[in-house]
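# Descriptive analysis of the structure
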Amino acid sequence: MSALVGYNTDFFYQEDYLTVNSTMTSSPGEVWVFIQHQQNEIVEASLEVLGKGRELADELKVPVAGVLLGEGGGMAQKVLSHGAGKVYVLE
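Residues numbered from 1 in each chain as written. Predicted model: local features only at pLDDT ≥ 70, side-chain atom pairs only at ≥ 80, totals over all residues. Heavy atoms only, no water.

### Brief notes about the confidence of the model for the chain
Definition in use: pLDDT gives the predictor's per-residue confidence on a scale running from 0 to 100. By definition in these notes, contact holds between two residues if any of their heavy atoms fall within 4.5 Å.
Mean pLDDT for the chain: 77, with 69% of residues reaching 70 or above. For residues 1–27, every residue scores under 50 in pLDDT, and the model assigns this stretch 58 contacts once sequence neighbours within four places are set aside.

### Re helix 1 (residues 44–60)
What counts here: Helix and strand labels come from DSSP, where a helix needs a run of H or I of at least four residues and a strand needs a run of E of at least two; each type is numbered from the N terminus. Take the residue count of a helix, subtract one, and multiply by 1.5 Å to get its expected span. Three labels apply to residues, based on accessible area from a 1.4 Å probe with only protein chains included: buried if under 20% of the type maximum, exposed if over 50%, partly exposed otherwise in between. By arc we mean the arc of the directions from the helix axis to the C-beta atoms, nothing more.
Its 17 residues give helix 1 an end-to-end C-alpha distance of 25 Å, which sits within 8% of 24 Å, the value for a rise of 1.5 Å per residue. Taken residue by residue, helix 1 has Ser-46, Leu-47, Val-49, Leu-50, Gly-53, Leu-56 and Ala-57 as its buried positions. End-on view of helix 1: buried residues confined to an arc of 165°, all on one side of the axis. Facing away from the buried side of helix 1, by more than 90 degrees, are the exposed residues Glu-44 and Glu-59. Just downstream of helix 1 lies Lys-61, where phi reads positive at about 60°.

### Things to note about the nonpolar core
The line we're drawing: Put simply, a nonpolar core is a bunch of buried Ala, Val, Leu, Ile, Met, Phe, Trp, Tyr and Cys residues held in one set by side-chain atoms that sit within 4.5 Å of each other.
One finds Val-31, Val-33, Ile-35, Leu-50, Leu-68 and Val-79 to be the most contacted residues of the largest nonpolar core, which totals 17 residues. Here the element with the most residues in this core is helix 1; it accounts for five residues.

Here it is in structure tokens:
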């Protein structure tokens, strides 16, 4: 599983696991998890990554947010129900 995860305004790409760079923990922020969707359905792997993002956010004591790109507004409630504290929808 791959993930695009953002912390504050810094983005990084990791294969098979989530990690945080120590320079990214110096100030409060959020853990962002990109939620992939196809044909108005969230890709299941994105919800798994969101769960890991929730664990990371809890460890860092910051909120976790899902990020939906495109026409994903109708899926925001499902992202919230899977652990995101908020959802950013960029249409």
